[in-house]
Amino acid sequence: MISTRTGHFTAADLVGAAKARHPGIGRATIFRSLELLSSLGVVERLDLPNGEHAYVGCEPRHHHHVVCSNCGRSSDFDDADLSAVVDSVAHRTGYRIDSHRLELFGECASCQTPGSVP
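Rules used in this analysis
Residues numbered from 1 in each chain as written. Predicted model: local features only at pLDDT ≥ 70, side-chain atom pairs only at ≥ 80, totals over all residues. Heavy atoms only, no water. pLDDT = per-residue confidence, 0-100. Helix = DSSP H or I, 4+ residues; strand = E, 2+ residues; numbered from the N terminus. Core = buried A, V, L, I, M, F, W, Y, C linked by side-chain atoms within 4.5 Å. Buried < 20%, exposed > 50% of the residue type's maximum accessible area, 1.4 Å probe, protein only. Contact = heavy atoms within 4.5 Å. Pairing = 2+ DSSP bridges. Polar contact = N/O pair within 3.5 Å; in protein donor to acceptor, adjacent residues only side chain to side chain. Axes fitted to C-alpha atoms, helices over the stretch in contact; angles between N-to-C directions.

Our next topic: the confidence of the model for the protein chain. Looking at the protein chain as a whole, its pLDDT mean stands at 85, while 96% of the residues score no less than 70. Helix α3 (residues 82-93) holds the highest mean pLDDT among the elements of the protein chain, 92, whereas strand β4 (residues 74-77) holds the lowest, 83.

Moving on, we get to the nonpolar core. Listed in full, the 9 residues of the largest apolar core are Phe9, Ala11, Leu14, Val15, Ala18, Ile30, Leu34, Val43 and Tyr55. Elements that contribute at least two residues to this core include exactly α1 (11-21) and α2 (27-39). Broken down by element, the residue count for this core peaks at 4 residues, all from α1. Contacts of phenylalanine 9, omitting those with residues within four sequence positions, involve Ile2, Leu14, Leu34, Val43, Ala54, Tyr55, Val56 and Gly57.

Turning next to the pairing of β4. In this sheet, β4 lies alongside strand β3 (residues 64-68) in antiparallel orientation, the contact comprising 4 bridges. Counterpart to histidine 65 in the pairing with β4 is aspartate 76.

A few words now on the side chain of histidine 64. Mapped onto the elements of the fold, histidine 64 is located in strand β3. Judged by its relative accessible area of 1%, histidine 64 is buried. Within the local environment of histidine 64, its side chain forms a polar contact with the backbone nitrogen of leucine 102, the two atoms lying 3.0 Å apart. In this view, histidine 64 contacts Ser75, Asp76, Phe77, Asp78, Asp79, Leu82, His100, Arg101 and Leu102; residues no more than four positions away in its chain are not counted.

Strand order in the open sheet made by the 3 strands is β4-β3-β5, with mixed pairing throughout. At either margin of the open sheet sits one strand with a lone partner, and together these are β4 and β5 (103-106). With direction set aside, neighbouring strand axes in the sheet form an average angle of 20°. When β3 meets β5, the two strands line up parallel, connected through 4 bridges. Residue pairing for β5: histidine 65 is matched across the bridge by glutamate 103.

Rendered as structure tokens:
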């Protein structure tokens, strides 16, 4: 169910899909499963620009996400040069940075209007 999704999904989406297949399944089971999958790095929680939370399926490795604000499609990308920015922030602030995550939001190529500037 999660592995076939191309965009982000909410816990409510999963509850609805699960109840359609297994009417007796409880919401708590879905939420506990999401917590477990998140701890294993198989899904990650996204904090959407509207304040809501969603999830994306992903590989259990360090990466970041770009999410279409229109259709919800998401792509993950590797750290690239972000580690240099993190090192710079640590140096300027005096913090020892233990972890970070980055979520970028915009319109995917399919949702952009022809002639719009990316």
